[in-house]
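# Chains, contacts and geometry: an overview
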Amino acid sequence: MKTFFSARGGDPGYAILNWIAANNDWGMEFVNLVCAGICVSGLINFCRQQPSPWLGFAVAVPYLVIVLGMGYTRQGVALGLLFWALIWLERRHLWRFLIFIGIAAMFHKSAVILVPLGLFVTTGNWLYRTLAVFSVLYGLWTLTLADTIDTMWVNYVDAEMQSSGARVRVLMNLLPGLVLLFFHKRWRVAFPEGRFWYWMALGSIVAVGLVEFASTAVDRLSLYLTPLQVVVLSRLPFLLRKEISPETLAVITVLGYAAVLFVWLNFATHARNWIPYQNTLFLW
């Protein structure tokens, strides 16, 4: 098993999809369709758990769907599976959370870093929970990262690989993270099972501090913090309903993300690869 993981570059889930497509002459269209289905289904189901599902999805479209889902295929799958995992985490189902994170790691090895979130499940014996989380963490680390971590460190950190736009992307996570921490008392009352979101909010602060040190590595890992944008901004109208009209706050949020999309499509380095958008269905 370990040899298989190493030979396939540590992402056997994606390798299997390509193998199925190659052996059935289905092409990359099949691979992309399956990956998109996993990514979008996870996002939709996560949004449905929020007080304002449509607002959560509107927040996700400019970056999570268009940039990440369409541009980072393997990590987009991992993020879609993370959305499923977070649903179970809030419902306090430890093993279902760990299973989804384990599958996510089969598509992008970096998802292994999410396993410790299982420690914040608030039911069951804490010793059993700790042993389960660290056993899964050790197993996934051994299978996916152990043989490549040194190479990844050299490529991403020692080589000081830079990602254009990384600072902007980590700041997009920082804003909802700070909002969550500022309104943590209200959040605790309204969403008592969401304690792990505090740690993700703290992670958004840490990412801002580290982005100058290794922007590409921090940028890639910060993608797993992007659910903060969906969950915080879709719940904010509910949390602030006494101070600001929910409709007003929703309009402000949508306009803000519309501006993000406009700026990205017009000024981003790789925006030319999206405009004009070409879908296989339109080319037949």
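Whatever comes next refers back to the structure up there.
Residues numbered from 1 in each chain as written. Predicted model: local features only at pLDDT ≥ 70, side-chain atom pairs only at ≥ 80, totals over all residues. Heavy atoms only, no water.

### Description of the overall build of the protein chain
Helix and strand counts for the protein chain stand at 15 helices and 0 strands. Put simply, the protein chain has 284 residues, and 44% of those count as buried. Taking as baseline every contact in the protein chain between residues at least 6 positions apart, the subset at least 24 positions apart corresponds to 72%. Of the accessible surface of the protein chain, which amounts to about 14,900 Å², a share of 67% is contributed by carbon and sulfur atoms. (Helix = DSSP H or I, 4+ residues; strand = E, 2+ residues; numbered from the N terminus. Buried < 20%, exposed > 50% of the residue type's maximum accessible area, 1.4 Å probe, protein only. Contact = heavy atoms within 4.5 Å. Areas by Shrake-Rupley, 256 points an atom, 1.4 Å probe, with all protein chains shown as cover.)

### Side note on the packing of aromatic side chains
Per the stated rule, a full pass over the model turns up 9 aromatic pairs. Here Trp84 and Phe100 contribute two aromatic rings whose centre-to-centre distance is 6.0 Å and whose plane-to-plane angle is 10°, an arrangement assigned as stacked. Here Phe100 lies in helix H6 (residues 94–107) and Trp84 lies in helix H5 (residues 73–90), a separation of 16 residues in the sequence. In textbook terms, an aromatic cluster arises when at least three aromatic residues are bridged by ring pairs, as seen for Phe46, Phe83, Phe196 and Trp197. Over the ring of Trp88 we find Arg96, and its NZ or CZ is 4.5 Å from the ring centre. Between Arg241 and the ring centre of Phe238, over which it is positioned, the NZ or CZ distance is 4.2 Å. (Phe/Tyr/Trp six-rings, centres within 6.5 Å; stacked < 30°, edge-to-face > 60°. Lys NZ or Arg CZ within 6 Å of the ring centre and 35° of its normal.)

### Observations regarding the pattern of salt bridges
The final tally for this structure, using the stated rule, is 5 salt bridges. With a closest N to O distance of 2.8 Å, Asp219 and Arg169 form a salt bridge. Taken as a pair, Asp219 in helix H12 (residues 215–222) and Arg169 in helix H9 (residues 166–182) lie far apart in primary sequence, 50 residues in all. Residues Asp219 and Arg169 agree in their burial class; the two are buried. Between Glu243 and Arg186 there is a salt bridge; the shortest N-O distance is 2.5 Å. Remark: Arg186 occurs in helix H10 (residues 184–190) and Glu243 occurs in the loop between helix H13 (227–239) and helix H14 (246–267); sequence separation between them is 57 residues. Arg186 gets classed as partly exposed once you look at its relative accessible area, which sits at 33%. Overlapping salt bridges, with partners in common, bring together Asp11, Arg74 and Lys109 in one network. (Salt bridge = Lys/Arg side-chain N within 4 Å of Asp/Glu carboxyl O.)

### So, the side chain of Gln50
If you trace the backbone, Gln50 turns up in the loop between helix H3 (27–48) and helix H4 (53–71). The residues contacting Gln50, other than those within four sequence positions of it, are Val231, Ser234 and Arg235.

### Some points on the nonpolar core
Formed by 71 residues in total, the largest nonpolar core has its most connected members in Trp187 and Trp197. Setting aside chain neighbours within four positions, we find Trp187 in contact with Leu180, Pro192, Gly194, Trp197, Tyr198, Val231, Val232, Arg235 and Leu239. Among the nonpolar cores identified, the runner-up in size contains 5 residues, and Ala166, Val170, Ala207 and Val211 belong to it. (Core = buried A, V, L, I, M, F, W, Y, C linked by side-chain atoms within 4.5 Å.)

### Some remarks on the environment of Ala259
As for its position among the elements, Ala259 is in helix H14. Residue class for Ala259 comes out partly exposed when judged on its relative accessible area of 39%. As a C-alpha pair, Ala259 and Pro62 span 197 residues in sequence and 9.2 Å in three-dimensional space.

### Re the environment of Arg92
Among the structural elements, Arg92 can be located in the loop between H5 and H6. It is 9.7 Å that separates the C-alpha atoms of Arg92 and Gly194, two residues lying 102 residues apart in sequence.

### Considering unusual backbone geometry
Notably, Asp25 is not glycine yet its phi reads approximately 55°, a positive angle. Here Asp25 shows up in the loop between helix H2 (12–24) and H3. Owing to a relative accessible area of 71%, Asp25 belongs among the exposed residues under this scheme.

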